[in-house]
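A structural walkthrough
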Amino acid sequence: MTITRIACLLLACCVIASCGDREASTGAPTVLHRGLNTDPESLDPHKARSVQAGEVLRDIGEGLLSYSEGGKLVPGSADSWQVSDDGLTYTFHIRDNARWSNGDAVTALDFVFSLRRLVDPDTGAFYAQLLGEIVNAKAIIAGDLPPAELGVETVDEHTLVIRLAQPVPYLLSLLTNPATFPVYRESLARHGDAFARPGTLVSNGAYKLDSWEPGSVIELSRNEYYWNDAATAIDAVRHHVITQEMTELNRYRAGELHVTDTVPPDNFAQLRDEFPEELHVAPYLAVYYYGFNLTRPPFKDHPKLRQALSMAIDREVLVSNIIGRGEAAAYSWVAPGVANYEPRRFNYASLTQDERNTNARRLLREAGYGPDNPLQIELRYNTSDTQQRIALAVQSMWRDVLGVETTLINEEFQVLMDNMRARQVTQVFRSSWIGDYNDAHTFLNIMETGNPSNMPGYASAEFDALMQRAAAQVDPQRRRLYLEEAERVLLADHPVIPLYFYVSKHLVSLDVIGWEDNVLNYHYSQHLSLAPADATP
Amino acid sequence: MLRYALLRLLGAIPTLLLVIVLAFLMVHAAPGGPFVDERGLPPAIEARLDEAYDLDKPLPEQLWRYMVRLAHGDFGPSFRYTDYTVSELIAGAFPLSLRLGAAAMALALVVGLAAGILAALRSNSLADRFVMTFAMTGISIPVFVFAPVLVLFLAVRLHWLPAGWSGNEGPARWILPIVSLALPQIAYIARLMRASMIDVLGSDFIRTARAQGLGTVAVVRYHALKPALLPVLSYMGPAVAAILTGSVVVEEVFGIPGLGQLFVRGALNRDYTLVLGIVIFYAVLVITLNLVVDILYGVIDPRIRRR
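Residues numbered from 1 in each chain as written. Chains lettered and ligands numbered in written order. Predicted model: local features only at pLDDT ≥ 70, side-chain atom pairs only at ≥ 80, totals over all residues.

1. Quick look at the overall build of chain B
Spelled out, the test is: Secondary structure elements follow DSSP: runs of H or I no shorter than four residues count as helices, runs of E no shorter than two count as strands, and numbering proceeds from the N terminus. Only C-alpha atoms enter the radius of gyration; for comparison, a globular chain is expected to reach 2.2 Å times N to the power 0.38, where N is the number of residues. This entry defines residue contacts through backbone-placed C-beta atoms, with two residues in contact when those atoms are within 7 Å.
When helices and strands are tallied, chain B shows twelve helices and zero strands. Start at the N end of chain B and walk to the C end: the helices and strands fall as α-α-α-α-α-α-α-α-α-α-α-α. Taking 19 Å as the expected radius of gyration for a compact globule of 307 residues, we find that chain B reaches 25 Å, considerably beyond that expectation. Referenced to the eigenvectors of the C-alpha coordinate spread, the extents of chain B come out at roughly 85 × 60 × 30 Å. In chain B, the proportion of contacts linking residues at least 24 apart, taken out of those at least 6 apart, comes to 72%.

Here it is in structure tokens:
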């Protein structure tokens, strides 16, 4: 009886385990295997919001403009455009041979439809505000006007006009963002909001979506109708969803990936020795910062105190000893490498750390704190080894230099986000900002009063006025001066402590040709090719 | 008999309802929300999103609406994977977890029992020491340490097996996950089997069997095995539970898109509907299995159904 039961159990296990393994896929000629840290939320360009979703969307879709391998703006679905003298009217000419993945022509109407859908509050697009300067966009986002009132119209089938309420000198770079990609109207009409799935998603990029197994892999293959298909070298792309950095590294080592999304934070020196030629580390338009809650004590109306804490942090020690992956110490808010811009720096950036410490102690005294009135603060960060190491280092710097006692509170990412936004319990909190486009505006504008991403609750009339004046400028030089002045005001107020600027980190197989590091960390699969000798990893 | 089954079925309903309500409240009590991000949302858009997902309504009303949809067999759309419904995600992930777990269980039984019997027969020999050392190691080293080490040697260094899941078709990609998941169970079962086999082999009826001139194989096969298996059999319940929880780790390490990985991701993303869907799915699974076992007991033992 018992033996029979065990045997039955065994048999059942084997039967269950052996049923229905998928057939092996047909071997495609050249396949690029890329790592992806997390699943996209959606491949609907209007619903997507993560960096990873953008990575996949740039392979399957295309905006009016695009980026070259090295991060230069190049024509995309539009082959030419004109800008009016006042900088308010843009006329785009859609390529005659721009095609959807089903062979239909991409028309100006597709873009009008898609841009209206982007700003329609019913869509719930995280990037709706990206094109907030288009005529009527803000009123539509707020629900006060219907989407049809958006200042975007067709002249003929291949000509599109975008009207702006204020000049947006970086508009062309915005139009590379996946949120501005066109969506195929008929799919949407036929399948509703869930159209962005294998089998129903029609896209206009170099690749089309074949399959998506959430948590595992997204498979793309060449879109033969793509206008520049002749230049596409790689036939198929696999974006492997691998959340664990260590797993990704091991898969790279085992030869299963050509490109990793990132590398593990630890043992960076060892990685550099192991992969001297394959490890790519490059400046990235993203800042790691500690923010102050400016709406409550002790930091409300206390710029001197905030400055003292900022000055007492030895950023060089942080980037070289604590993180040590090539990050740059941050003395500005806007990341270096932004086009047409020279970031302002803290006025103490040129001092030595000892001099900064002396000044910081003086500022703390002036703010009313000292041995007889010691300052006790709380620092919140999201639970992770890297955040913890940085927080511990900052805690000890504040203690050693200023005698400030810091309580470290680690919270799950979602909890920290919630607390940051509520501004009820936070004092100092850890956050970051990744630039959406290559312009200083992407960093500065989130600090405008009332911006939903303005986590410290910074509100400065002077800063807002400078941003307004910059926005009204057509002349790029004058605009730049206003933006730089706005950054100077921002830095002097110390609503945030920028700690360092991120770097992008990839392992790129030596078989991959055409990889170029760039500050946006955009790497279109269509620009890459594989060495012919070893086309499969 | 039918009446007994029906009664048991009715008894399961309050349990399930309780699970749903508790899970719903706990998920919504967790701070943070599905649309909270470093990128803030314009208020009008956030309001529409909340409206679309019923988040603007009072909690009891949300619960009521959720229950009504559930009664229609609809788990709702995933908050995070907006292109998919929860039912689709579970339907895609569960078969993988099931197969992984079943294969690990089969492997654990075959290897564990064989090793245990061998160790018992040659007790205190070199083979026994080896098996027991191995078992001790297997129990002591957690899966999240052991699995990457396996990957490092067998996949990265020796290139014998694939390191990950996606993009590797065929049975080879199952080997490391199954072995990693089975290992602690192999160890446990081997120890259990050894102990109980040594116990049985020392009993009088085995001595009698030997005295009759039976060889070792026959003694084990016809006399010792059955009684020795009993402790292992009663360990099967905890073993299934251990494999279910272990699969969460193994799926993470190897990137297998199974239910465990989906659950962890859902919880971190505050994907309310997905987490609830998986909890309810597991609850139904456990309740059904218990029910089936109870009914089977009833079939076997008439005393139970008359109670």
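2. Details of the overall build of chain A
Worth spelling out the cut-off: Using C-beta atoms placed from the backbone, we call a residue buried if 20 or more other C-beta atoms fall within 10 Å of its own, exposed if 12 or fewer do, and partly exposed for counts in between.
Within chain A one finds 16 helices and 18 strands. Taking 537 residues into account, the globule formula puts the C-alpha radius of gyration at 24 Å, and chain A, at 26 Å, falls close to it. Within chain A, the proportion of its 537 residues that are buried is 47%. Considering only contacts in chain A between residues 6 or more positions apart, those separated by 24 or more positions represent 66%.

3. Structural notes on the interface of chain A and chain B
Spelled out, the test is: Classes in brief: Ala, Val, Leu, Ile, Met, Phe, Trp, Tyr, Cys and Pro nonpolar; Asp, Glu, Lys and Arg charged; the others, Gly included, polar.
Across the boundary between the two partners, chain A contributes 60 residues, which contact 59 residues of chain B. Counting only elements with at least two residues in the side of chain A that touches chain B, the list comes to helix 1 (2-18), strand 10 (236-241), helix 7 (245-253), helix 13 (413-422) and strand 15 (428-434) of chain A. Residue contributions to the side of chain A that touches chain B peak at eight residues, all from helix 1 of chain A. Looking at side-chain class alone, the side of chain A that touches chain B contains 27 nonpolar, 17 polar and 16 charged residues.

4. Some points on the sheet that holds strand 10 of chain A
All names here are of chain A. For the record, the criterion: Pairing between two strands requires that DSSP report at least two bridges joining them. Angles here are taken between N-to-C directions and fall from 0 to 180 degrees, while the axes themselves are lines fitted to C-alpha atoms, restricted in helices to the stretch in contact.
Read from one edge to the other, the open sheet built from four strands follows the order 1-10-9-8, with strand pairing classed as mixed. Each having just a single partner strand, strand 1 (31-36) and strand 8 (207-213) make up the two edges of the open sheet. Neighbour-to-neighbour, the strand axes of the sheet open up by a mean angle of 20°, direction not taken into account. Pairing between strand 1 and strand 10: six bridges, direction parallel. Counterpart to arginine 34 in the pairing with strand 10 is histidine 239.

5. Some points on the nonpolar core
Definition in use: Note on definitions: a nonpolar core is a set of buried residues drawn from Ala, Val, Leu, Ile, Met, Phe, Trp, Tyr and Cys, linked by C-beta atoms within 7 Å.
In terms of nonpolar packing, the biggest core is built from 76 residues, with A:Val119 and A:Leu131 touching the most fellow members. Residues contacting A:Leu131, with those up to four places away along its chain left out, are A:Leu115, A:Leu118, A:Val119, A:Ala137, A:Leu174 and A:Thr180. Counting 73 residues, the second largest nonpolar core, distinct from the first, contains B:Ile117, B:Ala119, B:Val151 and B:Leu276.

6. Points about the sheet that holds strand 13 (residues 376-382) of chain A
All names here are of chain A. Across the sheet, six strands lie side by side as 12-16-11-15-13-14; this open sheet has mixed pairing. Looking at strand neighbours, the two that pair on one side only are strand 12 (328-329) and strand 14 (405-411), the edges of this open sheet. Two strands pair when backbone bridges link them, and strand 11 (residues 279-292) and strand 15 are joined in this way by seven bridges, in the antiparallel orientation. Paired with valine 287 across the two strands is tryptophan 433, which belongs to strand 15.

7. Digging into helix 15 (residues 461-472) of chain A
This is how the line gets drawn: Here a helix's expected span is defined as the number of its residues, less one, multiplied by 1.5 Å.
Between its first and last C-alpha, helix 15 of chain A extends 16 Å over twelve residues, near the 16 Å set by a 1.5 Å rise per residue. In the core, the buried residues of helix 15 of chain A are packed alongside helix 14 (441-444) and helix 16 (476-493) of chain A.

8. Examining the confidence of the model for chain A
Defined as follows: How sure the predictor is of each residue is captured by pLDDT, a score from 0 to 100.
Of all residues in chain A, 94% attain a pLDDT of 70 or more, and the chain-wide mean is 90. Below pLDDT 50 for its whole length, residues 20-28 of chain A participates in seven contacts with residues either more than four positions away or in separate chains.

9. What to know about helix 2 (residues 51-60) of chain A
All names here are of chain A. Of all ten residues that make up helix 2, nine are buried, and the element is covered over most of its length. Among the residues making up helix 2, those that are buried are Gln52, Ala53, Gly54, Glu55, Val56, Leu57, Arg58, Asp59 and Ile60. Where the residues of helix 2 are buried, they touch strand 1, strand 8, strand 9 (217-222) and strand 10.

10. Some thoughts on the environment of B:Ile175
Summarising the element assignment, B:Ile175 is placed in helix 7 (residues 172-201). Separated by 148 residues in the primary sequence, B:Ile175 and B:Val27 place their C-alpha atoms 35 Å from one another.

11. With respect to the pairing of strand 6 (residues 152-156) of chain A
Residue and element names in this part refer to chain A. Relative to strand 7 (residues 159-163), strand 6 runs antiparallel, the two sharing four bridges. When the sheet's bridge partners are listed, glutamate 153 is paired in strand 7 with valine 161. Between strand 6 and strand 7, which pair antiparallel one after the other, the connecting turn spans two residues.

12. Some words on the packing of helix 6 (residues 143-157) of chain B against helix 7 of chain B
All names here are of chain B. Convention followed: Note on angle classes: values under 35 degrees are labelled roughly parallel, values over 145 roughly antiparallel, values of 65 to 115 roughly perpendicular, and the remainder oblique. Crossing handedness is read from the near helix: turned anticlockwise from the far helix by less than a right angle, it gives a left-handed crossing, and turned clockwise, a right-handed one.
Direction vectors running N to C along helix 6 and helix 7 enclose 140°, while the axes themselves pass 10 Å from each other. By the angle between their directions, the pair helix 6 and helix 7 is classed as oblique. Handedness of the helix 6/helix 7 crossing: right-handed. Residues Val143, Phe146, Ala147, Leu150, Val151, Leu154 and Ala155 of helix 6 form the contact with helix 7, whose participating residues are Leu176, Val179, Ser180, Leu183 and Pro184. When grouped by side-chain class, the residues that make up the contact of helix 6 with helix 7 number eleven nonpolar, one polar and no charged.

13. Comments concerning the packing of helix 4 (residues 86-121) of chain B against helix 10 (residues 259-268) of chain B
All names here are of chain B. Direction vectors running N to C along helix 4 and helix 10 enclose 135°, while the axes themselves pass 7 Å from each other. When the axis of helix 4 is compared with that of helix 10, the two are oblique. Contact with helix 4, carried on its side by Leu89, Ile90, Ala93, Phe94 and Ser97, involves Leu259, Gly260 and Leu262 of helix 10 and no other residues of that element. Among the residues making up the contact of helix 4 with helix 10, the classes are represented as six nonpolar, two polar and no charged.

14. Quick word on the confidence of the model for chain B
All names here are of chain B. The pLDDT averaged across chain B works out to 85; a share of 96% of its residues lies at or above 70. Per-element confidence in chain B is highest for helix 4, whose mean pLDDT is 91, and lowest for helix 12 (residues 302-306), whose mean pLDDT is 61. Scoring the predicted complex yields pTM 0.85 and, for the interface, ipTM 0.81.

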